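Examining the three-dimensional arrangement
Now for the letters of each chain:
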There are 4 protein chains.
Amino acid sequence: MTAGSDIGVGLVGYKFMGKAHSNAYRQVARFFDIEPVPKMAAICGRDEAAVREAADVLGWESCETDYRSLIEREDIELVDIASSGDTHHEFALAALEAGKHVLCEKPLANTLSEAREMAEAARKAETVAMVCHNYRRVPAVQLAKKLIEDGRLGEIRHWRAAYLQDWLLDPEAPLSWRLRKETGGAGPLADLGSHLIDLAHFLVGPIIEVVGTAETFVKERPLESGDGVGDVTVNDAAAFLARFECGAIGTFEVSPLVAGRKAKESFEINGSNGSLVFDLERMNELQVHFVDEEPEMSGFRTVLVTEPEHPYMKGWWPPGHIIGYEHTFVHTIKDLLDGIKTGKSPQPTFEDGYRCQAVIDAVERSVESREWTTPAVVYETKADRSGGGMGSEAAKGCM
Amino acid sequence: MTAGSDIGVGLVGYKFMGKAHSNAYRQVARFFDIEPVPKMAAICGRDEAAVREAADVLGWESCETDYRSLIEREDIELVDIASSGDTHHEFALAALEAGKHVLCEKPLANTLSEAREMAEAARKAETVAMVCHNYRRVPAVQLAKKLIEDGRLGEIRHWRAAYLQDWLLDPEAPLSWRLRKETGGAGPLADLGSHLIDLAHFLVGPIIEVVGTAETFVKERPLESGDGVGDVTVNDAAAFLARFECGAIGTFEVSPLVAGRKAKESFEINGSNGSLVFDLERMNELQVHFVDEEPEMSGFRTVLVTEPEHPYMKGWWPPGHIIGYEHTFVHTIKDLLDGIKTGKSPQPTFEDGYRCQAVIDAVERSVESREWTTPAVVYETKADRSGGGMGSEAAKGCM
Amino acid sequence: MTAGSDIGVGLVGYKFMGKAHSNAYRQVARFFDIEPVPKMAAICGRDEAAVREAADVLGWESCETDYRSLIEREDIELVDIASSGDTHHEFALAALEAGKHVLCEKPLANTLSEAREMAEAARKAETVAMVCHNYRRVPAVQLAKKLIEDGRLGEIRHWRAAYLQDWLLDPEAPLSWRLRKETGGAGPLADLGSHLIDLAHFLVGPIIEVVGTAETFVKERPLESGDGVGDVTVNDAAAFLARFECGAIGTFEVSPLVAGRKAKESFEINGSNGSLVFDLERMNELQVHFVDEEPEMSGFRTVLVTEPEHPYMKGWWPPGHIIGYEHTFVHTIKDLLDGIKTGKSPQPTFEDGYRCQAVIDAVERSVESREWTTPAVVYETKADRSGGGMGSEAAKGCM
Amino acid sequence: MTAGSDIGVGLVGYKFMGKAHSNAYRQVARFFDIEPVPKMAAICGRDEAAVREAADVLGWESCETDYRSLIEREDIELVDIASSGDTHHEFALAALEAGKHVLCEKPLANTLSEAREMAEAARKAETVAMVCHNYRRVPAVQLAKKLIEDGRLGEIRHWRAAYLQDWLLDPEAPLSWRLRKETGGAGPLADLGSHLIDLAHFLVGPIIEVVGTAETFVKERPLESGDGVGDVTVNDAAAFLARFECGAIGTFEVSPLVAGRKAKESFEINGSNGSLVFDLERMNELQVHFVDEEPEMSGFRTVLVTEPEHPYMKGWWPPGHIIGYEHTFVHTIKDLLDGIKTGKSPQPTFEDGYRCQAVIDAVERSVESREWTTPAVVYETKADRSGGGMGSEAAKGCM
């Protein structure tokens, strides 16, 4: 943690995600040997009193109330956008334009065209740009990735995933901005679905076709003002089928109206040689099965992903001593900083973010058209190919 | 078990299902107080030596090698059809024609038009006709039904179900009749899918629209003769979305190529007031959650469905002493005999069997057309309505 | 099932165990290729009307009201004692004396001296004598045995087991004979504890020392007559530590006053090379872990013990289709009949039953003396050694 | 976090526990509204280079190499002792003598007489003294405590607990100081057992009698120097029975030689009205069962202890987003700071630490004497009684 290798960070947003990102900046150098070390220069929000208090509580040296001032600051090299989805486009373009590195919360944008512009800007920029899909950095998910890449599952055939919560089950839960089309974009399909789609892209590869259905089960809710009710204008639940480029079939479902489920983000992957099961509510575990096990002793194994051999776990505690939700952000920031050091944007890049958005967009169109729909794809260049990773494999056409 | 209340039974088929049904006839009066008591008059199969041995091992008094002879016998009042799907239509029509009660294995038929004729014949018959969807008679499933009927789950919104097995995962597994279109009908979609669809109809109500996708992952397999390979002409895996009449959204998936899954028939149902989860591999358990639990102590409860208060369980063992797969057939036969006593066909009736077939058919058409597809429906008469049950609720048009 | 190989069976007892044993005799030849085939000649009980009805319901050809008459019958070669524990000694001695094969329910006797006489009688007899500890014949338990015998667990170090139920939790549950010292012997320590001790002997080997504690939590209960209350004169819960001959340490616990536990018979075994976990409420599963697994993929595997390769399972259903409680009796009878065929008493023999009783006795003495206590042991002869099995290993001194 | 309410902290120890405690001081004011706010003044260790680096990585303002210098510093009001067990006595007495608040890692001391002196010193001191038994501060454990205190479990009858790990399973794991009597005290019985005993005291109340057994399964190990082997002089596994003052029976087991178990600290508590089950490897969950549930829907509920209503959870993340191991230290420090504010030592006090030590000591004596043994008890004063909590209830005699 020598001063010579610091990097000034500016964070936009100070609520749920602001708190999670701040924690990651505070913690990363305490548990991992990284360089550069983040210097928590400034946090930015519109409400001056609130942002000042947040700076104090969350550990930022100063605060700003205008994102432009933040971006202009010379002591800030990395801009972290943890504000609401409708601001990502404007903030990210400005930050990239100013030559800053950018980390942007998911989903990348509220519309596909916004996402496209952001991916293009990132492509042209000479700085690092990354989307914060923190669940890629759950050690169990990284273990899953490794097993798949090593061919341990063989040819992937099935993906089934759901993200279920209950926080909107109560019809008296107020009409938040997330439930209005103009601010909440695709609603839970974007909010929860983007997590699942990003994981599917990460683990199984590009989705090439979808067909979906959706519903607004609770059609009106009390206004947040407490004065009367208003219409819910997004779908509050959705399900879709997907075909992957690799030939696999996928099912996806998102709903924040599921009684008893809190953060039930789960997936199962079946290949010709094995299967994997993950559940965020037990995020330190991965269920693993391989076909080549002794027949009499074959079954799903519960791997407690807390060994020093497991991704990221050497930085934490002895085996069996589990980690929690916020650690996934610490891992994300670690990889981001490694990327800044090497000058290469870590996955998910803005292009990956765009691809994720393209699937959300395709599902939305499919719900309306009632047809199988192809996600818009990205123009593939030679540079892409050399960039490696999922991004280039997925690319097939014109962005 | 006085002779006066006996009913002569003739069983067609002596393999897997023949063994399961025979066990049920042998066992039902040992554990339940029923009337009439089944008299295991004759078992029927084409291979005389094999059927003779089966009669001996399975406990039948005599055997027949022609189903017509079986049906003609005056000492036989109940004909149980546990032979392959392509024989159901012919055998059932003949048995009903001859004035016999009929129990027919699922799926009701190999084609929708066959199923339609069978449902019509059953409607006209004065005898009892029932489809053997044994999983309706898992005590945990009956408990689920009771909770839903009592309104404990509120408005049902989500159904997610999968039936996953691994018995066709090995590409060297031979090309059985089940994998050829002409004999196997819709393949796993019918074989496994009919179970899920029947449970969905039973628990959530009529499915009114589906869109599906399917795949043949293993395209050719060794011939059973051992001499060369042949093409698999059914889809070996399928997934579909469904909309229910009640407004719920459903996801369904079937695959016998899933590494590590043996008889993983599972479903989850979410309503506005609670949720249920079932898994056939742990069929003595039901996971239950209600919204109105104390907030601090809220969660999914694992109910061990082995109490005397639970459906059918009074007949078996003390609490905690679990039952197995074959017990579901004993329960089915118990309810069938109760139906014969009262003269009313127990559910699932042949009409229910037809409705199930109509969904399979709609999924098949959707896979081909790539469109949302409506299952063919059944003409509704006044008589239907008085018949009560799921059947009449589902009925909406012309059969 | 040719008549030439039949063996006439007479069963004493027609309640819970009578029902379970009857089922086993009815079922065994339907699912297993055995010889001789049991002929259900007679069932015996003191209440003539009740035993007559039981004969009808359970499938016995005739009935007797005096066990002596049953034993005298020439058509009966195998006497099965499923009556209450205080009758085992008298009935078994008489049956062995009369040259019959004997199956006796556990625990072998109500006192150690009774058990000793029974073991001696069995040793001298030329017939087969076996104790019905049905849980040895759970396929998952047999798999555990095989893994241990194959050395897969290495040196065994830990055994921890509990049998927990809730059927006596309600203080209004009446004062049954099981809760009176004179009829119920050691109470739950014998009733539940004998299961655990037999499994421990089977899987880990002889217990050489114990220290225990016990309690009567509910000190008086309503009389069964409904008229007033009476004292509970057995301990209704007990726990003890054990040292095994092989060097392992064991913990045991039994209680029928455990809220929420139904038939929670569970054990965990840890060796230098692996671990096993079993739970009767999920009796089709065995949790297995081996030390030599890949470090990154190491964990407890849930083996669904329903494959044809698994003990006994070839007789039943396809993989994943689970079996239940009563199947363990079918397996026991299968092995008993195999033993009769070969003329060798299957384990657990009466000597094994005696050893089990000796541990119960030692725990009872330890509870009173508050000292570590050694179970009485059995005189070892050359014949014993050739008999193989656990018996001879355990034998160390004078019976 | 105003400067006026700071409290200077000095930490002794910078390895595993030093890292966990440092994290807690860094994090507590970020997530909880506390006063005073810890000021991380100095960390202390004998190896100057190492402690200097630790200060940098872990976030301490300065470092010391002599604990006396640390204690003398006027800017330090709270001394946290996270060094090895054989140093606790000396350091704690000095710190209390100097008028500092003290937090001491568990077990309180390596011998009972040391613990007694420490408890006496704490009693006389006017500062706050607390033992760091972090698992009391798992939210699920606090929920368990609340349920018991509210009488929801009725009369407690059974406690069964084990702390199982595998880190010493490999016989090539070196002979650490923990495995030598002179430095490691009672070995795993103290290291792991103290956690279980403290939880038992916390949840069930005083232990009044124990009988135990123990073993050294791996009798020699490679020296840490790499040069030859040395004797293991502590027991590496132990089990004991306990009687609680409240009448409950307990079983305890500790072993770091259990294949497949990482941090398997688990307990089950059964009362007349309900049961609880906890497992540290799934520390965000508590299994709960109440007798008064509807009979048909009765079972163990898996409560995900992540709701804002749950202890400490309001400070962290939305429901379902789990926390990890290190959070238990944050909660401990939070409660310690609250205690400093009010001037009252939070539980577990040094007296509680002494009581824990007394049980370890009694088990050790019982292993040697092979007799039931009573833990030494604490002199009870009026002041104790007014202090409330477990301490005073347990007190019965002369310290």
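Let me sum up the structure you'll find in this document.

Parameters and conventions
Residues numbered from 1 in each chain as written. Chains lettered and ligands numbered in written order. Predicted model: local features only at pLDDT ≥ 70, side-chain atom pairs only at ≥ 80, totals over all residues. Helix = DSSP H or I, 4+ residues; strand = E, 2+ residues; numbered from the N terminus. Rg over C-alpha atoms; globule rule 2.2 N^0.38 Å. Buried ≥ 20, exposed ≤ 12 C-beta atoms within 10 Å, placed from the backbone. Contact = placed C-beta atoms within 7 Å. Least-squares fit on C-alpha atoms with pLDDT ≥ 70 in both. Pairing = 2+ DSSP bridges. Axes fitted to C-alpha atoms, helices over the stretch in contact; angles between N-to-C directions. Core = buried A, V, L, I, M, F, W, Y, C linked by C-beta atoms within 7 Å.

**Focus on the overall build of chain A**
- Counting its secondary structure elements, chain A contains 13 helices and 16 strands.
- Over its C-alpha atoms chain A spans a radius of gyration of 21 Å, differing by no more than 12% from the 21 Å that the globule rule assigns to 399 residues.
- In chain A, buried positions account for 63% of the 399 residues.
- Pairs at least 24 residues apart make up 68% of the contacts formed inside chain A by residues separated by at least 6 positions.

**Comments concerning the relation of the copies chain A and chain C**
- Superposition of chain A onto chain C requires a rotation of 180° combined with a translation of 0.0 Å along the rotation axis, giving an RMSD of 0.0 Å. Both chain copies can therefore be described as sitting about a two-fold axis. Every residue of chain A has its C-alpha some distance from the rotation axis, and the shortest such distance is that of A:Arg301, at 1.9 Å.

**Focus: the relation of the copies chain B and chain A**
- Placing chain B over chain A gives an RMSD of 0.0 Å and needs a rotation angle of 180°, together with 0.0 Å of translation along the axis.
- A share of 100% of the interface residues of chain B reappears at the interface of chain A, consistent with the copies meeting face to face through the same patch.

**Side note on the environment of B:Ser176**
- Tracing the backbone shows B:Ser176 in the loop between strand E7 (156–164) and helix H7 (181–184).
- B:Ser176 sits 66 residues away from B:Ala242 along the chain, and the two C-alpha atoms are 30 Å apart.

**Concerning the sheet that holds strand E6 (residues 129–132) of chain A**
Residues and elements named next belong to chain A.
- Across the sheet, 6 strands lie side by side as E3-E2-E1-E4-E5-E6; this open sheet has parallel pairing. Edge positions in the sheet fall to strand E3 (62–64) and E6, since each of these pairs with one other strand and no more. Each neighbouring strand pair of the sheet contributes to a mean axis angle of 25°, computed without reference to strand direction.
- With 4 bridges connecting them, strand E4 (residues 78–81) and strand E5 (residues 101–105) associate as parallel partners. Note that in E5 the partner of Val-79 across the bridge is Val-102.
- Lying on the sheet, helix H1 (residues 16–31) is in contact with strand E1 (6–12), strand E2 (37–44), E4 and E5; it crosses E2 at an angle near 155°.

**Considering the nonpolar core**
- The biggest cluster of nonpolar side chains holds 559 residues, and the ones touching the most others in it are A:Ile43, B:Ile43, C:Ile43 and D:Ile43.
- Setting aside its immediate chain neighbours within four residues, C:Ile43 contacts C:Leu11, C:Tyr14, C:Gly18, C:Val51, C:Ala54, C:Ala55, C:Leu58, C:Trp60 and C:Cys63.

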